[in-house]
Amino acid sequence: MAKPISLEKILFSQGFGTRRYCADLVYADLVKVNGVLAEDPDERISPEGLLLNVEGQDWEYHEKAYIAFHKPPNYECSHKTTHHPSIYSLLPSPFVERGLQCVGRLDYDTTGLLLISDDGQFIHKMTTPKKNIGKVYEITTSDPVTEKQMDHLLKGVVLDDDPKPCFAQACELLSEKTLAMTIVEGRYHQVKRMMAAVGNHVEQLHRSQIGAYVMPKDLAPGEWRWLYPSDLKLLSQSMEA
Ligand code: URA
């Protein structure tokens, strides 16, 4: 069983504000612990499997947060945005407070699967090209995708900023103008630039899969969900040692 910690510290660790603010939430009768109204912010509780309710919102305790998010179009993946609102504005404020970061960014007009966490090691492992984690993009193109273009993508294309070619790990034609392409690196605008290099143009871009983790069908744009140990296992099995 996990070591008991004070309720105030638990609330603080989850991103509900300063320790003082968290204690005040308890004094204001705004915190329930496993369905029971909490009275004492110093009460020591085992955090394992804990269900909090803070200001009417249920909140599962997670020592580290790992979430899957369905990015809608017209949002930027940074905290300090330039032209569009931030994806973080669509997440509960405790996530922002505890410093969650995206595992690699998507362009403002790209939709689909983003993993977000406050575990620095996890973010590093998921983003380093050494681990060879495939990301699947569904690409809607302006012109029909030809065999020759797919062949070129698989053999590797040279982009203008790096003489080292970029390869598609896999290409599957889903319809005349829709291609599912798997890549392992995450260079700037990589998919759009690869498609331009083979003479086509990306009209819409959607990421549907990272490693063996497929975007859940029922996760609508703008929605998020916790990743559980079985999901994290799928992701770690997708990494090369
Ligand atoms: N490649 C792109 O060009 N854009 C993205 O958002 C992701 C991959």
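Preceding this section is the structure that the text describes.
Residues numbered from 1 in each chain as written. Predicted model: local features only at pLDDT ≥ 70, side-chain atom pairs only at ≥ 80, totals over all residues. Heavy atoms only, no water.

Novice: Would you take a moment to explain the pattern of salt bridges for this structure?
Specialist: Side chains bearing opposite charge may pair, as long as their charged atoms lie close to each other. Counted under the stated rule, the structure contains 11 salt bridges. Put simply, Asp118 and Arg98 hold a salt bridge, and the shortest N to O gap is 2.9 Å. Of this pair, Asp118 sits in the loop between strand 9 (111-117) and helix 4 (120-127) while Arg98 sits in the loop between helix 3 (93-97) and strand 8 (101-102), and the two are 20 residues apart along the sequence. The exposure class assigned to Asp118 is buried, which follows from its relative accessible area of 19%. Notably, a salt bridge pairs Arg225 with Asp218, separated by 3.2 Å at the nearest N-O pair. (Salt bridge = Lys/Arg side-chain N within 4 Å of Asp/Glu carboxyl O. Helix = DSSP H or I, 4+ residues; strand = E, 2+ residues; numbered from the N terminus. Buried < 20%, exposed > 50% of the residue type's maximum accessible area, 1.4 Å probe, protein only.)

Novice: Explain the site of the ligand to me, please; I cannot follow it from the model alone.
Specialist: The full set of residues close to the ligand is Leu106, Asp107, Thr110, Tyr137, His189, Gln190, Val191, Lys192 and Leu205. Contact distances for the ligand include 3.1 Å between a nitrogen atom and a backbone N or O atom of Val191. Protein coverage of the free-state accessible area of the ligand, which is 240 Å², stands at 95%. More than half of the atoms belonging to the ligand lie within 2 Å of the grid points that define the largest pocket. Per element, the largest residue contribution to the shell around the ligand is 3 residues, and it comes from helix 6 (residues 190-197). The residue inventory of the shell around the ligand, partitioned by class, reads 4 nonpolar, 3 polar and 2 charged. Counting contributing residues per domain, the shell around the ligand is built from domain 2 (66-129 + 213-240) and domain 3 (134-210), each supplying no fewer than three. (Near = heavy atom within 4 Å. Polar contact = N/O pair within 3.5 Å; in protein donor to acceptor, adjacent residues only side chain to side chain. Areas by Shrake-Rupley, 256 points an atom, 1.4 Å probe, with all protein chains shown as cover. 1 Å grid on protein atoms, 1.4 Å probe; cavity = no way out; pocket = protein on both sides within 12 Å on 5 of 7 lines; lining within 4 Å. Sits in = over half its atoms within 2 Å of the grid points. Nonpolar A, V, L, I, M, F, W, Y, C, P; charged D, E, K, R; others polar. Domains from an automatic or database assignment.)

Novice: Would you mind showing me how to read helix 5 (residues 147-155) here?
Specialist: Residues spaced three or four apart along an α-helix point in a common direction, a consequence of the helix completing one turn every 3.6 residues. Looking only at helix 5, the buried set comprises Gln149, Met150 and Leu153. For helix 5, the angular spread of the buried residues around the axis is 100°, confining them to a single face. Every exposed residue of helix 5 that faces more than 90 degrees away from the buried side is listed here: Glu147, Lys148 and Lys155. Summarising the contacts, the buried residues of helix 5 are in contact with strand 11 (157-159), strand 12 (162-166), strand 13 (170-175), strand 14 (178-183) and helix 6. The first or second residue beyond helix 5 is Gly156, which carries a positive phi of 115°. (Arc of directions from axis to C-beta. Contact = heavy atoms within 4.5 Å.)

Novice: Which parts of the structure should I look at to understand the environment of Ile210?
Specialist: Among the structural elements, Ile210 can be located in strand 15 (residues 202-210). What makes Ile210 buried here is its relative accessible area of 4%. Once the C-alpha coordinates of Ile210 and Ile183 are considered, the two residues, 27 residues apart in sequence, prove to be 9.8 Å apart. With near-sequence residues (within four places) excluded, Ile210 lies in contact with Leu113, Leu115, Met126, Ile133, Gly134, Lys135 and Leu235.

Functional significance is not addressed by these values, which are geometric in nature.
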